[in-house]
Amino acid sequence: MDLGIKGKRALVCASSKGLGKGCAKALAAAGCELVLNARGAEALEATAAELRDAYGVPVTAVAADITTEEGRAKVLEAAGRIDILVTNAGGPPPGVWSDWSRDDFIKALDANMLTPIALMQALLPGMMERGWGRVVNITSQAVKAPLAPLGLSNSARTGLTGFVAGTSRQIAGSGVTINNLLPGIHDTDRATSLDKGVAEKQGITMDAARKQREATIPAGRYGTAEEFGATCAFICSQHAGFMVGQNVLLDGGGVNTTL
């Protein structure tokens, strides 16, 4: 299927590896010019070179912490005109509700709510003026079914979801869509980190911890960055212009809900 976005310019955050890289790869395959961002310069440059070589598209790599004002300013200056924005940032660590301080919540909100909002506020006006744009926020399945140890993430990502619900409908008439993509368990560093925590807590091997979590997923496996990226690219495509303010689960059936 031709996604109709060849030549569009996409900014993909946290895209040196994992789900962000999966999205960048799928957009590059569709012919998009890319602006990639991550904190680690070495991994980011390696990903940029990989995508240039594989797909022959222009790729700009900007190493910066997107969750800071300075980092966002650096990325936005290098990005210029952006047609597609994919926001993404690593989630805060798991813990217990009684241990989280105000500072813990502020840090989580800065990374997983206020940073995506700031990027949208910076880039939506240009998209609206040109009459076309796509925003995909990578959030979490926890927006639909909160996970108790991830209370910091639950709070921040649910706040972002509320912002998108209203804003997406305000701007839809300009040809710009905003949607959220909610990953379940995917085979990424984040999943490995969570599995490690389970293994240490229960005194079991990493392989046992993974099999234990796979058993909770109807699909019987972890998702892949490639299929996640393909879903993201479709939401960014010309075919998804009527999709507004949606929360799209990609979780292998893990969240047991009707709606």
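Just above sits the structure.
Residues numbered from 1 in each chain as written. Predicted model: local features only at pLDDT ≥ 70, side-chain atom pairs only at ≥ 80, totals over all residues. Heavy atoms only, no water.

Draft legend 1. How the structure looks around the pattern of salt bridges. According to the stated counting rule, one finds 10 salt bridges in the structure shown. Residues K17 and D189 are paired through a salt bridge, measuring 3.1 Å at the closest nitrogen-oxygen approach. Of the two residues, K17 sits in the loop between β1 (9–12) and α1 (18–29) while D189 sits in helix α6 (residues 189–202), which places them 172 residues apart along the sequence. Of the charged contacts, one joins D207 and K211 as a salt bridge, the two residues approaching to 3.3 Å between their closest N and O atoms. One end of the pair is D207 and the other is K211, both in helix α7 (residues 206–214) and four residues apart, which spans about a single turn. Each of the salt bridges in this network shares a partner with another, and the network as a whole consists of R81, D83 and R130. (Salt bridge = Lys/Arg side-chain N within 4 Å of Asp/Glu carboxyl O. Helix = DSSP H or I, 4+ residues; strand = E, 2+ residues; numbered from the N terminus.)

Draft legend 2. Local environment of helix α5 (residues 151–171). For α5, built from 21 residues, the straight-helix expectation of 30 Å at 1.5 Å per residue is met to within 8% by its first-to-last C-alpha distance of 30 Å. Taken together, the buried positions of α5 are G151, L152, S153, N154, A156, R157, L160, T161, V164, T167, S168 and I171. Against the buried residues of α5 lie α4 (102–130), β5 (133–138), β6 (176–183) and β7 (247–250). (Expected span 1.5 Å × (residues − 1). Buried < 20%, exposed > 50% of the residue type's maximum accessible area, 1.4 Å probe, protein only. Contact = heavy atoms within 4.5 Å.)

Draft legend 3. Structural detail: the packing of aromatic side chains. Inspection of the entire model under this criterion finds one aromatic pair. Measuring from ring centre to ring centre gives 6.1 Å for W100 and F105, while their planes differ by 85°; the resulting arrangement is edge-to-face. Residue classification places F105 among the partly exposed positions, given a relative accessible area of 30%. Positioned above the aromatic ring of W132 is the side chain of K8, whose terminal nitrogen or guanidinium carbon lies 4.3 Å from the ring centre. (Phe/Tyr/Trp six-rings, centres within 6.5 Å; stacked < 30°, edge-to-face > 60°. Lys NZ or Arg CZ within 6 Å of the ring centre and 35° of its normal.)

Draft legend 4. How the structure looks around the nonpolar core. If you look at the biggest cluster of nonpolar residues, it comprises 31 residues, and the most contacted ones within it are I5, L27, L34, L36, I84 and V86. For this core, the secondary structure elements donating two or more residues are β1, α1, β2 (33–38), α2 (41–55), β4 (84–87), β5 and α8 (225–235). With six residues, α1 is the largest single contributor of residues to this core. In this structure, I84 is in contact with I5, K8, R9, A10, L11, L27, C32, M127, W132, R134 and C236, ignoring residues within four places of it in sequence. The next biggest cluster of nonpolar side chains, apart from the first, holds 27 residues, and it includes C13, V62, V75 and L124. (Core = buried A, V, L, I, M, F, W, Y, C linked by side-chain atoms within 4.5 Å.)

Draft legend 5. View of unusual backbone geometry. Even without being glycine, A14 reaches a positive phi, approximately 50°. By the secondary structure assignment, A14 is in the loop between β1 and α1.

Draft legend 6. Examining α7 more closely. Those residues of α7 that fall on the buried side of the exposure criterion are A209, R213 and E214. Along the long axis of α7, the arc covered by the buried residues comes to 135°, so they all point the same way. The inward-facing, buried residues of α7 contact α6. (Arc of directions from axis to C-beta.)

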